[in-house]
Amino acid sequence: MSELNELYQQVILDHNKNPRNYGALKPCTHFSEGFNPLCGDHFDIYAVMDGDTIKDISFEGSGCAISKSSASIMTSLVKGKTKAEAETMIEQFQDLVTMPMDQQPDEDKLGKLAVFAGVREFPARIKCASLAWHTLKAAIEQQPKAISTE
Ligand code: ZN
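Being a predicted model, the structure only gives us computed values, none of them experimental. (Residues numbered from 1 in each chain as written. Predicted model: local features only at pLDDT ≥ 70, side-chain atom pairs only at ≥ 80, totals over all residues. Heavy atoms only, no water.)

Caption draft 1: Main features of the side chain of Asp41. Positionally, Asp41 belongs in strand β2 (residues 41-50). Of the side chains with opposite charge, Arg125 comes closest to the buried, unpaired Asp41, at an N-O distance of 6.2 Å. In this structure the side chain of Asp41 is engaged in a polar contact, spanning 3.0 Å, whose partner is the backbone nitrogen of Cys64. Ignoring any residue separated from it by four or fewer positions in sequence, one finds Asp41 in contact with Gly34, Phe35, Asn36, Ser62, Gly63, Cys64, Ser67, Cys128 and Leu131. (Helix = DSSP H or I, 4+ residues; strand = E, 2+ residues; numbered from the N terminus. Buried < 20%, exposed > 50% of the residue type's maximum accessible area, 1.4 Å probe, protein only. Lys, Arg positive; Asp, Glu negative; His and termini not counted. Salt bridge = Lys/Arg side-chain N within 4 Å of Asp/Glu carboxyl O. Polar contact = N/O pair within 3.5 Å; in protein donor to acceptor, adjacent residues only side chain to side chain. Contact = heavy atoms within 4.5 Å.)

Listed below in structure tokens is the structure:
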């Protein structure tokens, strides 16, 4: 197992056990609901935005270890960031999980996001890992409909 995958597993286990920013944030300015019917993951994302800055963000719901830890990591990464910075991270995340296995992610550029490279080994779990990021996008762009990965 590569170093990155070991790191990935440790991070996933830690965030699954001790999710950060967990619980409804009320009142909030932005909200979205995301489903991954394939696995049964379901999370709500709450955000408080001050102009273009994500001042506070949280999630609540239930799902597998990968979807839950991904939501926890996502909220810690985007808190305090601008909408544009969060959108860049959403794109970087998508590029990362769809990158061929033999390609190494740029860890300097991706920072903590690089731990998700390990999810490529489990293609069925990519939707679990992506759910929180899709839901974040819907929340900050104020899309009125619930998000489904299907
Ligand atoms: Zn899942």
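On we go from here.
Caption draft 2: Representation of the nonpolar core in the model. Counting residues in each nonpolar core, the largest one holds 40 residues, and the members touching the most others are Ile57, Met74, Val78, Phe116, Trp133 and Leu136. Residue assignment for this core shows that the elements contributing at least two residues are α1 (3-17), β2, β3 (53-62), α2 (65-78), α3 (83-97) and α5 (126-140). Among all residues touching Ile57, those that are not within four sequence positions of it are Asn21, Leu25, Ile45, Tyr46, Ala47, Met74, Thr75, Val78, Lys79 and Leu136. (Core = buried A, V, L, I, M, F, W, Y, C linked by side-chain atoms within 4.5 Å.)

By themselves, these observations are geometric and do not establish any function.
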